[in-house]
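Coordinates in review
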Amino acid sequence: MFTLGIDTSNYASSLAVFDTQRGELVFDCKRFLPVKPGELGLRQSDAVFHHTAALPALLRQADEAFPLCKIDAVGVSEKPRPAEGSYMPCFLAGVSAAQAFALARGVPLVRTTHQQGHIAAALFAAAGTALFEKRVLVFHISGGTTELLLCEGARVLRKVGGSTDLYAGQAVDRIGVKLGFGFPAGAELSRLAAQCDAEIRPKASTKGTDCSFSGLENQCAALLKRGAAPAYVAKYCLCAIAQTILKMIGAARRQEPETPVICAGGVMSSGIIRDAVQRAQPEVLFVPGKYAGDNAIGVAILAAREACAWPM
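Everything numeric here is computed off the predicted structure, so don't read it as measured data.

**Some words on the overall build of the chain**
- Across its full length, the chain carries 10 helices and 12 strands.
- For a compact globule of 312 residues, the expected C-alpha radius of gyration is about 20 Å, and the chain comes in at 19 Å, within 12% of that figure.
- Expressed as a percentage of its 312 residues, the buried residues of the chain come to 55%.
- The contacts in the chain between residues at least 6 apart in sequence include a share of 68% that link residues at least 24 apart.
- If you sum the accessible surface of the chain, you get close to 13400 Å²; carbon and sulfur atoms cover 50% of it.
- Within the chain, the 27 negative side-chain charges are centred at a point lying 5 Å from the centre of the 32 positive side-chain charges.

If you want it as structure tokens, here you go:
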């Protein structure tokens, strides 16, 4: 059996096809929404328009790679996270396309959330099906989220901690735009940071399992004003996020000492963050960038689990 996942976040339109018999991804594609140079995102009305325009072409691309007539169920992220009041209009574009596809094909439609898609993709990439029935601590850090979650599989039990102001991804994007990169700026910032060989000991602002990133933006702006090299500033930003993650994990483990920790979300695809965290705590699980970034892979996996009883 095959499932189609659709995700229309505030950053990218994406599709994925999952094979339940083999337990593997057979297709995925993603298209970032266009953002004008110097800007830090899109208005929701513009995001809805760009998703609506992109989805037909992405579906044709998917059909050329894998015949969509074989799809047995469709999954879609209908809102940012599994919480009351969580809502963004951009997800309506994906829901409309998914519902139309499911009705036309006469297959089940599974509604989930963007955050749970990230969690499911991270669990699958880290350990296949082994972690889907276990308690895990998931760090979901992206442009729209910085949360440390206690989960049972992809089901969120409670929020353990998170940012009290800026999300880590917002800090990355704001600093990246200051350095002249387009939005989202994470990949370019990471490439620039890799050019810096300096050892950096950044400040991290945490209180237990909560953190703050507004100070990081100010620190990087001050470094640039003092004439610091752009590569140094980029590396400082990512090292500060890594140090913040380590401190928050330490605080969380005092509550959940035996629970595995998995890092999900686009910011976690940074090699500098991954290396810094795993040098200090090698048991923390990071996943390949394809599974960490905004995509529909986890949504397709959740559809497989709910509609197709995968794994059987």
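**Concerning the sheet that holds strand E3 (residues 24-32)**
- In space, the 5 strands of this open sheet follow the order E3-E2-E1-E4-E5, with mixed pairing throughout. The sheet is open, and its two edges are formed by E3 and strand E5 (109-113), each paired on a single side. Each adjacent strand pair in this sheet contributes to an overall mean axis angle of 20°, direction not counted.
- Relative to E3, strand E2 (residues 12-19) runs antiparallel, the two being bridged by 8 bridges. Its bridge partner lying in E3, leucine 15 is registered against cysteine 29.
- On top of the sheet, helix H2 (residues 91-105) reaches strand E1 (2-8), strand E4 (73-79) and E5; it is set at about 160° to E4, its chief contact.

**So, the nonpolar core**
- Among the nonpolar cores identified, the biggest contains 49 residues, and Phe139, Leu216, Ile241, Ile245 and Ile273 are the most heavily contacted of them.
- Secondary structure elements with two or more residues in this core: strand E6 (135-142), strand E7 (145-152), helix H4 (168-178), helix H5 (186-193), helix H6 (214-225), helix H7 (230-253), strand E11 (261-264) and helix H8 (271-280).
- The greatest single-element share of this core, amounting to 15 residues, is contributed by H7.
- Not counting residues up to four positions away in its chain, the partners in contact with leucine 216 are Ala171, Ile175, Tyr236, Cys237, Ala240 and Ile241.
- Core analysis: the second largest hydrophobic core is formed by 28 residues, Val138, Ala264, Val287 and Leu302 among them.

**Side note on helix H10 (residues 297-307)**
- Within H10, 8 of the 11 residues are buried, which leaves the element mostly enclosed by the surrounding structure.
- Among the residues making up H10, those that are buried are Ile297, Gly298, Val299, Ala300, Ile301, Leu302, Ala303 and Ala304.
- Alanine 309 sits one or two residues past H10 and shows a positive phi near 55°.

**Re the sheet that holds strand E8 (residues 155-162)**
- The sheet built from 5 strands is open, its strands ordered E8-E7-E6-E11-E12 with mixed pairing. Each edge of the sheet is formed by a strand with only one pairing partner; in this case those strands are E8 and strand E12 (285-286).
- Each of E6, E7, E8 and E11 touches H7; the most contacted strand, E6, lies at about 155° to it.

**A look at H5**
- Those residues of H5 that sit buried are Leu189, Ser190, Leu192 and Ala193. Down the axis of H5, the buried side of the element spans an arc of 165°, and every buried residue falls inside it.
- Where the residues of H5 are buried, they touch H4, H7 and H8.

**Brief notes about the side chain of aspartate 19**
- The topology assignment puts aspartate 19 in strand E2.
- In terms of polar contacts, aspartate 19 uses its side chain to reach the backbone amide nitrogen of arginine 22, at 3.3 Å.
- With residues up to four places along the chain from it excluded, the contact list for aspartate 19 reads Met1, Phe2, Glu24 and Val26.

Conventions adopted
Per chain, residues are indexed from 1 in the order of the written sequence. Only residues with pLDDT of at least 70 are given local features in this predicted model, and only at 80 or more are side-chain atom pairs given and counted; all residues enter the totals for whole chains, interfaces and linings. The side-chain values count all of the structure's non-hydrogen atoms but skip hydrogen atoms and water molecules. Helix and strand labels come from DSSP, where a helix needs a run of H or I of at least four residues and a strand needs a run of E of at least two; each type is numbered from the N terminus. Values of the radius of gyration come from C-alpha atoms, whereas the globule rule sets the reference at 2.2 Å times the count of residues to the power 0.38. Summary of the burial criterion: residues with accessible area below 20% of their type's maximum are buried, those above 50% are exposed, and those between are partly exposed, where the area comes from a 1.4 Å probe applied to protein chains only. Contact definition: two residues touch when any of their heavy atoms are within 4.5 Å. Computed with the Shrake-Rupley method and a 1.4 Å probe, the accessible areas treat only the protein chains shown as cover for residues. The charge count includes Lys and Arg as positive and Asp and Glu as negative, but it does not include His or the ends of the chains. For the purpose of locating charges, the reference atoms are NZ of Lys, CZ of Arg, CG of Asp and CD of Glu. Here, any two strands with at least 2 DSSP bridges between them count as paired. Whenever a helix is involved, its axis is fitted only over the stretch in contact; in every case the axis is a line through C-alpha atoms, and angles between N-to-C directions fall within 0 to 180 degrees. In these notes, a set of buried Ala, Val, Leu, Ile, Met, Phe, Trp, Tyr and Cys residues joined through side-chain atoms within 4.5 Å is what counts as a nonpolar core. This arc is taken over the directions from the axis of the helix to the C-beta atoms. Under this definition, polar contacts are N or O atom pairs within 3.5 Å; protein pairs additionally need one hydrogen-donor-capable and one acceptor-capable atom, and for neighbouring residues in sequence, both atoms have to be side-chain atoms.

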